[in-house]
Amino acid sequence: MRIIKYILPFILFLGAWISYQSVGILCWATILFSFLFIPIAELLIPSDEGNLSEADELAAQNNPMYDVVLYMAFFLHLVSLFYFLNQVADPLISVQDRAGRILTAGLLAGIFGINLAHELGHRSKKIEQGMAKILLSTSLYMHFYIEHNRGHHTHVSTPDDPSTSRYRQSVFAFYFQTIPGTYLSAWRINNKILKNQQSGFWSLQNEMLIFHFAQFGLLLSIYSIWGIATLVFFLIAALIGILLLESVNYIEHYGLMRQLNANERYGRVQPEHSWNSNHLLGRVLLFELSRHSDHHYSASRKYQILRHHEGAPQMPTGYPGMLILAMIPPIYFTVMDLQMKKYGVLK
């Protein structure tokens, strides 16, 4: 029965289907659900700090239906993207309706194209890793697969991590740090791997090169089948997905830094190095991404068994509400100063 709650994200696919074939306010149904209904509901619904018992955790970990949910979401995301590409350039729809559809596609690109890829990219099965790369291609962010797993999880909450936001850094300034920083970091990691493998740049071992060819092939296919207008609208949706991901990165590690030890090295990542959210709707909508403290503490843990840690700093509301706050830096800074003082991060 615990699996049923993870059907909630599929509401976004339904909303997208409605958006892509409707006009007027219905084109914005998914956006309003995600950034109006969910934030208000999370202010009213208490957060849930409960963890599974040892026996229930073992059962959930070994239950293949949790993986089936992800596979279904993978398939539906690709179907939704095809539907979007097939109709977004329709000359009969208004600018407002097209904007709603593009924003909806961008939301799906962030939640499923990147967030779902994030979950699958941490798996050990090659087929699941391949699914993660396919999903990332729909946001033109395949390099995330390399940098996140080999860079971010190593350097998180240090100045070496482009995905860690600094104290009093606005989300808009953070974009200029993390987007180019993540890309360049992925190349550095990739080139180091090639060097260790004694492989040349023009080789099948060069994942970054393959990613670029794959994404160029996708763009060329979209242009060939649907034309330049659809290609431009796809690029806008992909950019929205990227900005959504990086906004999430911003709130997940804002102002949290690991300290150097006596050996001038950073200690192991602990739960207190990530902002956590136990707000149920946001947790389920993002496949438990908001239990981020445990994810960084134990990156191999599947989404359905992520835990709450008592020592982890907590967000005052769920991810959708926090993303809205982040768009208004003065309010965000004020709210987060209070949270940082509450958890001893800020004296």
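Criteria and cut-off values
- Residues numbered from 1 in each chain as written.
- Predicted model: local features only at pLDDT ≥ 70, side-chain atom pairs only at ≥ 80, totals over all residues.
- Heavy atoms only, no water.
- UniProt positions renumbered as here; feature names shortened; annotations may be inferred.
- Helix = DSSP H or I, 4+ residues; strand = E, 2+ residues; numbered from the N terminus.
- Expected span 1.5 Å × (residues − 1).
- Bend = angle between axes of the 7 residues up to and from the residue.
- Buried < 20%, exposed > 50% of the residue type's maximum accessible area, 1.4 Å probe, protein only.
- Contact = heavy atoms within 4.5 Å.
- Polar contact = N/O pair within 3.5 Å; in protein donor to acceptor, adjacent residues only side chain to side chain.
- Phe/Tyr/Trp six-rings, centres within 6.5 Å; stacked < 30°, edge-to-face > 60°.
- Lys NZ or Arg CZ within 6 Å of the ring centre and 35° of its normal.
- Salt bridge = Lys/Arg side-chain N within 4 Å of Asp/Glu carboxyl O.
- Patch = residues over 30% accessible without salt bridge, like charges linked within 9 Å, V, L, I, M, F, W, Y side chains within 5 Å.
- Areas by Shrake-Rupley, 256 points an atom, 1.4 Å probe, with all protein chains shown as cover.

**Comments concerning the UniProt feature "transmembrane region" (unreviewed entry) in the protein**
Here's step 1: In this structure's numbering, the residues bearing the UniProt feature "transmembrane region" (unreviewed entry) are residues 6-38, 68-86, 98-118 and 232-251.
Here's step 2: Between the C-alpha atoms that bound residues 98-118 there is a distance of 28 Å. The span itself is 100% helix and 0% strand.

**Concerning helix α8 (residues 171-197)**
Owing to its 3.6 residues per turn, the α-helix aligns residues three or four sequence positions apart on the same side.
Here's step 1: For α8, with 27 residues, the first-to-last C-alpha span of 38 Å sits near the 39 Å given by 1.5 Å per residue.
Here's step 2: Approximately 25° is the largest bend angle found in α8, and it occurs at Gly181.
Here's step 3: Among the residues of α8, those classed as buried are Val171, Phe174, Tyr175, Thr178, Gly181, Thr182, Ser185, Ala186, Trp187, Ile189, Asn190 and Leu194.
Here's step 4: Next to the buried residues of α8 lie α7 (144-155), α9 (207-226), α10 (228-253) and α13 (319-326).
Here's step 5: Where α8 ends, the next residue or the one after it, Gln198, has phi of about 55°, a positive value.

**Thoughts on the UniProt feature "domain: Fatty acid desaturase" (unreviewed entry) in the protein**
Here's step 1: Those residues carrying the UniProt feature "domain: Fatty acid desaturase" (unreviewed entry) are residues 103-309 in this numbering.
Here's step 2: With 62% helix and 0% strand, residues 103-309 has its two end C-alpha atoms placed 34 Å apart.

**Let's talk about the side chain of His295**
Here's step 1: Within the secondary structure, His295 sits in helix α12 (residues 292-297).
Here's step 2: For His295, the side chain forms a polar contact with the side chain of His153, separated by 3.1 Å.
Here's step 3: Ignoring any residue separated from it by four or fewer positions in sequence, one finds His295 in contact with His118, His122, His148, His153 and Leu306.

**Focus on the packing of aromatic side chains**
Here's step 1: For the coordinates displayed, the defined rule picks out 22 aromatic pairs.
Here's step 2: Ring plane angle 50° and centroid distance 6.2 Å describe the contact between Tyr167 and Tyr254, whose orientation is recorded as tilted. Linking Tyr167 in the loop between α7 and α8 with Tyr254 in the loop between α10 and α11 (280-285), this pair joins segments that are 87 residues apart in sequence.
Here's step 3: A relative accessible area of 0% places Tyr254 in the buried class.
Here's step 4: An angle of 10° between the planes, with centres 6.0 Å apart, marks the rings of Trp187 and Phe201 as stacked. Linking Trp187 in helix α8 with Phe201 in the loop between α8 and α9, this pair joins segments that are 14 residues apart in sequence.
Here's step 5: Judged by relative accessible area, Trp187 falls into the buried class, the value being 17%.
Here's step 6: Here the aromatic residues Tyr6, Phe10, Phe13, Tyr66, Phe112, Phe287 and Tyr303 are joined through ring pairs into a cluster of three or more.
Here's step 7: The ring of Tyr297 has Arg268 lying over it, and the distance from NZ or CZ to the ring centre is 4.2 Å.

**Regarding the pattern of salt bridges**
Here's step 1: As enumerated under the stated definition, the model contains 11 salt bridges in all.
Here's step 2: With a closest N to O distance of 3.0 Å, Arg123 and Asp67 form a salt bridge. Of this pair, Arg123 sits in the loop between α5 (95-121) and α6 (126-137) while Asp67 is found in helix α4 (residues 65-87), placing the two residues 56 residues apart along the sequence. Residues Arg123 and Asp67 agree in their burial class; the two are buried.
Here's step 3: Through salt bridges with shared partners, a single ionic network connects Asp67, Glu119, Arg123, Glu128 and Lys302.

**What to know about a nonpolar patch on the surface**
Here's step 1: Taken together, Ile25, Leu26, Leu32, Leu36, Ile40, Leu43, Leu44 and Ile45 make up a surface patch of nonpolar side chains, about 810 Å² in accessible area.
Here's step 2: With respect to the secondary-structure elements, Leu32 resides in helix α2 (residues 29-44).

**Observations regarding the environment of Phe75**
Here's step 1: Tracing the chain through its elements places Phe75 in helix α4.
Here's step 2: With relative accessibility at 53%, the residue Phe75 sits in the exposed group.
Here's step 3: Separated by 136 residues in sequence, Phe75 and Phe211 have C-alpha atoms that sit 20 Å apart.

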